[in-house]
Amino acid sequence: MAELVNCPNCGKLYVKALRSVCDVCAREVENKFDIVYKFIRRRENRKATLDEVVEGTEVEKDMIVRFIREGRLHVSQFPNLGYPCSKCGKNIKEGKLCGDCTDGFSRDLEAGDRQKAYEKRKEDREKAKYQTYSSMSDRFNRNR
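How each quantity is defined
Residues numbered from 1 in each chain as written. Predicted model: local features only at pLDDT ≥ 70, side-chain atom pairs only at ≥ 80, totals over all residues. Heavy atoms only, no water. Phe/Tyr/Trp six-rings, centres within 6.5 Å; stacked < 30°, edge-to-face > 60°. Helix = DSSP H or I, 4+ residues; strand = E, 2+ residues; numbered from the N terminus. Buried < 20%, exposed > 50% of the residue type's maximum accessible area, 1.4 Å probe, protein only. Contact = heavy atoms within 4.5 Å. Core = buried A, V, L, I, M, F, W, Y, C linked by side-chain atoms within 4.5 Å.

A. How the structure looks around the packing of aromatic side chains. Applying the stated criterion to the full structure yields two aromatic pairs. Ring centres of Phe-33 and Tyr-37 lie 5.8 Å apart, and the angle between their planes is 15°; this geometry places the pair in the stacked category. Pair noted here: Phe-33 and Tyr-37 are both in helix α1 (residues 23–41), with a separation of four residues, about one helical turn. For Phe-33, a relative accessible area of 12% gives the class buried. With a centroid separation of 5.2 Å and 85° between ring planes, the pair formed by Phe-33 and Phe-67 is classed as edge-to-face. Of the two residues, Phe-33 sits in helix α1 while Phe-67 sits in helix α3 (residues 61–69), which places them 34 residues apart along the sequence. Joined through ring pairs, the aromatic side chains of Phe-33, Tyr-37 and Phe-67 make up one cluster.

So, in structure tokens, the structure goes:
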């Protein structure tokens, strides 16, 4: 169901249905997309980097990154167009993290899993040791 909300960009009231911004701001976003798309479609701009596109179109970097992440701009067609990794800033073409940062997180998770397994084995050994001492004590007390 649609609800009445304020536009996060301009603050105007609008009925939120399919869009997350009002009609005026949505048209502005579409105009910016058209500017960027026309710029990178020109033969001389097809190998432009993100910074060159920002400079040539005067469209905000975050807006262009949003177009890429939404799949509206296909970076496979533009070899130098990408956006920075959220962790290290390396230029990437999909997701939020580059391969190196993803691998680093995977290694950290595996190390955490290994540490948990080590702690569990240590706890199990302590329990086994206690049970051994307990059973030895029971046998000793029965023999008295």
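B. Region of the structure containing α3. Regarding α3, the residues found buried are Met-63, Ile-64, Val-65, Phe-67 and Ile-68. Packed against the buried residues of α3 are α1, α2 (50–57) and β3 (83–84). At the exit of α3 stands Gly-71, carrying a positive phi of roughly 85°.

C. Geometry of the nonpolar core. Counting 23 residues, the largest nonpolar core has Ile-40, Val-53, Ile-64, Ile-68, Leu-73 and Leu-81 as the members making the most contacts within it. Put simply, the parts of the chain that give this core at least two residues each are α1, α2 and α3. If we skip the residues at most four places from it in the chain, Ile-64 touches Val-36, Leu-50, Val-53, Val-54, Thr-57, Val-59 and Leu-73. Counting residues in hydrophobic clusters, the runner-up holds seven residues, among them Val-5, Tyr-14, Val-21 and Cys-25.

Scope: geometric values only; no functional claims are made or implied.
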